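# Observations on the model geometry
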There are 2 protein chains.
Amino acid sequence: MLSERRLEVLRAIVQDYVGTEEPVGSKALTERHRLGVSPATVRNDMAVLEEEGFIAQPHTSAGRIPTDKGYRLFVDKLAAVKPLSGPERRAIHSFLDSAVDLDDVVARTVRLLAQLTRQVAVVQYPSLTRSTVRHVELLSLAPARLMLVLITDTGRVEQRMIDCPAPFGETSLADLRARLNSRVVGRRFTDVPQLVQDLPESFEAEDRGTVSTVLSVLLETLVEETEERLMIGGTANLTRFGHDFPLTIRPVLEALEEQVVLLKLLGEAKDSSMTVRIGHENAHEGLTSTSVVAVGYGSGDEAVAKLGVVGPTRMDYPGTMGAVRAVARYVGQILAES
Amino acid sequence: MLSERRLEVLRAIVQDYVGTEEPVGSKALTERHRLGVSPATVRNDMAVLEEEGFIAQPHTSAGRIPTDKGYRLFVDKLAAVKPLSGPERRAIHSFLDSAVDLDDVVARTVRLLAQLTRQVAVVQYPSLTRSTVRHVELLSLAPARLMLVLITDTGRVEQRMIDCPAPFGETSLADLRARLNSRVVGRRFTDVPQLVQDLPESFEAEDRGTVSTVLSVLLETLVEETEERLMIGGTANLTRFGHDFPLTIRPVLEALEEQVVLLKLLGEAKDSSMTVRIGHENAHEGLTSTSVVAVGYGSGDEAVAKLGVVGPTRMDYPGTMGAVRAVARYVGQILAES
DNA sequence: TTTGGCACTCGGACCGGTCGAGTGCCAGGG
DNA sequence: CCCTGGCACTCGACCGGTCCGAGTGCCAAA
């Protein structure tokens, strides 16, 4: 078992390494932290910590750096989430308050997170899985061409073109529009399929094909939109990574362009509580030297989407977690208001 | 004036340097290109080229590298746009053909360009300045809350929420919707303002406030949407830049996140002809060691937006230009069809 | 105008020595 | 039992010197 002081040593190592980016030795530690013991003692502690796998030395006779396991222990037991300063909080508020629509909220959130944490920010658009239908609109663009517009309660709008198998009259269209809305408005996406299942039957034979087509496009849209989209920013912060650039940064940039990978990353944060994935805990191989701090955010008590940052394993965890949490909370408020 | 052979020497220097990324000397040149003269002669030519500012040496007794001016001359006079190979062309077609909607076309185009050129790709969403209104829809979400949906002939959809000053009846709504559409459908954005100017007058006094509000939101949307959005991809290719990473790559990444900067870059390509901006020709200071190859694309004969790539000044201009042009043409076709 | 020859320059690679930070181990003291 | 100071050892970073080769500029001859 690790004594109190050993943990303290680990904390000191993490803090120093995060700050200096250089392996930290026993002497430097005792000078910069009031541990109350001599370097020699610290060395012994370090030896134990190394044996347990919390720290490692890059090469013999060099200082120690934390391992993934060390960071893990640090964020789990040793680090308090650092609340933001007053000015920072005010900056968040004023910056997000001036957003004009949903897209803008997301865009601003990304920039904000990137600036606050000086890392790469990732924000998922509010999810539709739990959201409800506010309105479905059908427009006739040409005799056999319709446009479907789906509006959600999170303020998102999706549209699809529909080529009908047969011309579709204005009256039939109005009819379909009315019936569709009366059935699905206010309902959750997941409930929609069964609610519209029998709809084609109530139409004239000649219109049934079109109605079915419309419905299938609608359902498809619901499903597709459940695959969330996201926005990233602050990639320039990757240049602060280390000195061995090309090798480190390349796979990260590649991973960041793969929506799927990112969605998985964020998705792993289960509920609305904060999740920290460190180094090799990230399945994706390009991200084994990065950490992901993610948290759910939402308009009410339920989380509707995730946001977070991606940075080097050597990052300021308390500060980053504080910023991520604060931003998530305030975005939630914004969404609840609108 | 520069003799024919001197130009040939410049061309050889550019080609070699683009390939090897290393300063090229007189001897190497004569070996790799059939210039029919000795290294000594080439040296003399090089001296002249250097005096004229087309090439430079990084340090004394090193080979020469082209200057921005040298690249300029190269693309203007010495380089033929390299047509794509058959397989490449087929790849473009099959990749873009499977796009399902406008967003998808843009997304695929970005990925395609990034892959083909192995550089950073930038694609502007089709512009609305020259496009026309296909449909305007008004939905009643609550007694005093409307949603405006604008559909353009390029397949783009924009929506806005409207808070009305007074409740607005369904019949008035239908009325407004009908009149609005009869006036603006098929018209260009720029013509819309005067076409709807007198619309409020034809309504009952109690509805006029709402009608005005709706119209102002519509006009606002038209203007806002003229500010184009764009999509970028292939940033991982920046890692192939050079060996002196952080310094070079950082400002580029920053510039790429500034929509304004990028729009300006693309915007400088005046009409639909291809534009190449080399090094310092780019106003933005972060991009002084990059070149931008851009071209307009459009559904008909008019260009509705731009696309292009950003890469190091030392890039394969003929190949890049070929790829950019080919992609632009085919995207144009796709847009024309849909 | 081209060519071959020649002296010169300079950056990069290589080598060896020194320096200092850091370690592990051990014996002694609270 | 744990902490401490001391000591020998290791190893990377740094520095200066040397060597090598690529490349240049100049010049005289063809």
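Quick summary incoming for the structure in this document. Note on numbering: residues in each chain are counted from 1, in written sequence order. Working convention: letters from A go to chains and numbers from 1 go to ligands, in the order in which they are written. Local features in this predicted model are restricted to residues whose pLDDT is 70 or higher, and side-chain atom pairs enter the listing and the counts only when it is 80 or higher, whereas totals over whole chains, interfaces and linings include all residues.

To continue, consider the overall build of chain A. When helices and strands are tallied, chain A shows 12 helices and 10 strands. Taken over the C-alpha trace, chain A has a radius of gyration of 26 Å; the compact-globule value for 338 residues is 20 Å, which it surpasses by more than 25%. If you line up chain A on its principal axes, its C-alpha atoms span 90 × 40 × 35 Å. Put simply, chain A has 338 residues, and 39% of those count as buried. Any pair of residues counts as being in contact when their C-beta atoms, constructed from backbone geometry, are within 7 Å of one another. Here the contacts in chain A between residues at least 6 apart in sequence split such that 61% fall between residues at least 24 apart. Under the scheme used here, helices are H or I runs from DSSP no shorter than 4 residues and strands are E runs no shorter than 2 residues, and both carry numbers assigned from the N terminus. Computation of the radius of gyration draws on C-alpha atoms, with the globule rule given as 2.2 Å multiplied by the number of residues to the power 0.38. Counting other C-beta atoms within 10 Å of its own, a residue is labelled buried from 20 upward, exposed at 12 or fewer, and partly exposed in the gap between, with every C-beta atom placed from the backbone.

It is worth spelling out the protein's contact with DNA strand D at this point. Taken together, 20 residues are adjacent to DNA strand D, and Val 37, Ser 38, Ala 40 and Ser 61 of chain A together with Gly 25 of chain B come closest. The greatest single-element share of the surface near DNA strand D, amounting to 4 residues, is contributed by helix α3 (residues 39-51) of chain B. Using the backbone to place each C-beta atom, any residue with that atom within 6 Å of a molecule or strand is considered near it.

Here the phi dihedral of Glu 21 of chain B falls at roughly 70°; this positive angle occurs in a residue that is not glycine. Given 14 C-beta atoms within 10 Å, Glu 21 of chain B falls into the partly exposed group.

Right, let's talk about the interface of chain A and chain B for a bit. Quite often, the size of an interface is put as the accessible area lost when its parts meet. Listed by partner, the interface residues are 21 residues for chain A and 21 residues for chain B. Among the elements of the structure, β4 (133-142), β5 (145-152), β6 (157-163) and α10 (245-257) of chain A are those that each provide at least two residues to the side of chain A that touches chain B. Sorting elements by how many residues they give to the side of chain A that touches chain B places α10 of chain A first, with 7 residues. Any residue outside Ala, Val, Leu, Ile, Met, Phe, Trp, Tyr, Cys, Pro, Asp, Glu, Lys and Arg is labelled polar, Gly included; the first ten of those are nonpolar and the last four are charged. Here the residues of the side of chain A that touches chain B sort into 11 nonpolar, 5 polar and 5 charged.

Residue pairs spaced three or four apart in an α-helix point in one direction, given the helix's 3.6 residues per turn. Residue and element names in this part refer to chain B. Expected helix span is taken as 1.5 Å per residue step, with the number of steps being one fewer than the number of residues. With 17 residues, helix α1 (residues 4-20) extends 24 Å from end C-alpha to end C-alpha; this agrees with the ideal 24 Å at 1.5 Å per step. Every buried residue of α1 is accounted for by Val 9, Leu 10, Ala 12, Ile 13, Val 14, Gln 15, Asp 16 and Tyr 17. Looking at the buried positions of α1, the neighbouring elements they touch are α2 (26-32), α3, β1 (55-56), β2 (65-66) and α4 (68-78). Where α1 ends, the next residue or the one after it, Glu 21, has phi of about 70°, a positive value.

Here the focus is the protein's contact with DNA strand C. Lining the immediate environment of DNA strand C, one finds 20 residues, of which Gly 25 and Ser 26 of chain A together with Val 37, Thr 41 and Ser 61 of chain B sit closest. Within the residue set of the surface near DNA strand C, elements represented by two or more residues are α2 (26-32) and α3 (39-52) of chain A together with α3 of chain B. The dominant element in the surface near DNA strand C, judged by the number of residues it contributes, is α3 of chain A, at 4 residues.

This part takes up the packing of helix α5 (residues 86-97) of chain B against helix α12 (residues 317-337) of chain B. Residues and elements named next belong to chain B. Convention adopted: a line fitted to C-alpha atoms gives each axis, helices being fitted over their contacting stretch, and angles between N-to-C directions are expressed from 0 to 180 degrees. Closest axis-to-axis distance for the α5/α12 pair is 11 Å, and the angle between their directions is 35°. Crossing hand, α5 versus α12: right-handed. Judged by residue contacts, Arg 89, Ile 92, His 93 and Leu 96 of α5 engage Ala 326, Val 327, Tyr 330, Val 331 and Ile 334 from α12. When grouped by side-chain class, the residues that make up the contact of α5 with α12 number 7 nonpolar, 1 polar and 1 charged. Take the far helix as your reference; a near helix turned counterclockwise from it by less than a right angle gives a left-handed crossing, and one turned clockwise gives a right-handed crossing.

Note that Ala 178 of chain B resides in helix α7 (residues 170-184). Once the C-alpha coordinates of Ala 178 of chain B and Val 136 of chain B are considered, the two residues, 42 residues apart in sequence, prove to be 9.1 Å apart.

Here the copies are superposed with least squares, the fitted atoms being C-alpha atoms of residues at a pLDDT of at least 70 in both. Once turned by 180° and shifted 0.2 Å along the axis, chain A lies on chain B with an RMSD of 0.3 Å. What the rotation and shift describe, once combined, is the action of a two-fold rotation axis. A high fraction, 100%, of the interface residues of chain A reappear at the interface in chain B, so the copies pair face to face through one surface.

On to the pairing of strand β10 (residues 305-312) of chain B. Strand residues, when the strand is regular, have side chains that alternate between the two faces of the sheet. Residues and elements named next belong to chain B. Burial analysis of β10 places 7 of its 8 residues in the buried class, the great majority of the element. Sheet analysis places strand β3 (residues 120-124) next to β10, joined by 4 bridges and oriented antiparallel. Residue pairing across strands places Val 123 opposite Leu 307, the latter belonging to β10. Sheet topology places strand β9 (residues 290-297) next to β10; 8 bridges connect them, and they run antiparallel. When the bridges of β10 are listed, Gly 296 appears paired with Lys 306. Pairs of strands are assigned from DSSP output, requiring at least two bridges between the strands.

Turning next to the nonpolar core. By our criterion, buried Ala, Val, Leu, Ile, Met, Phe, Trp, Tyr and Cys residues that link up through C-beta atoms within 7 Å make up a nonpolar core. Of all hydrophobic cores here, the largest spans 126 residues; its most connected members are Leu 113 and Val 327 of chain A together with Leu 113, Leu 307 and Val 327 of chain B. Val 327 of chain B has contacts with Ile 92, Thr 109, Leu 112, Leu 113 and Leu 307 of chain B, leaving out every residue within four places of it along the chain. Residues Leu 138 of chain A together with Leu 138, Leu 146 and Val 192 of chain B belong to the second largest nonpolar core, which totals 42 residues.

Residues and elements named next belong to chain A. Assignment of secondary structure puts Val 184 in helix α7 (residues 170-184). Separated by 88 residues in sequence, Val 184 and Leu 96 place their C-alpha atoms 32 Å apart. Contact partners of Val 184, with chain neighbours within four places excluded, come to Val 133, Val 136, Val 192, Leu 195 and Val 196.

To continue, consider the sheet that holds strand β5 (residues 145-152) of chain B. Residue and element names in this part refer to chain B. Pairing is antiparallel across the open sheet formed by 3 strands, whose spatial order is β4-β5-β6. Looking along the sheet, the strands with just one partner apiece sit at the ends: β4 (133-142) and β6 (157-163). When the angles between neighbouring strand axes are averaged without regard to direction, this sheet yields 20°. By the bridge criterion, 7 bridges tie β5 to β6 in an arrangement that is antiparallel. By the bridge assignment, Leu 150 is partnered in β6 with Glu 158.

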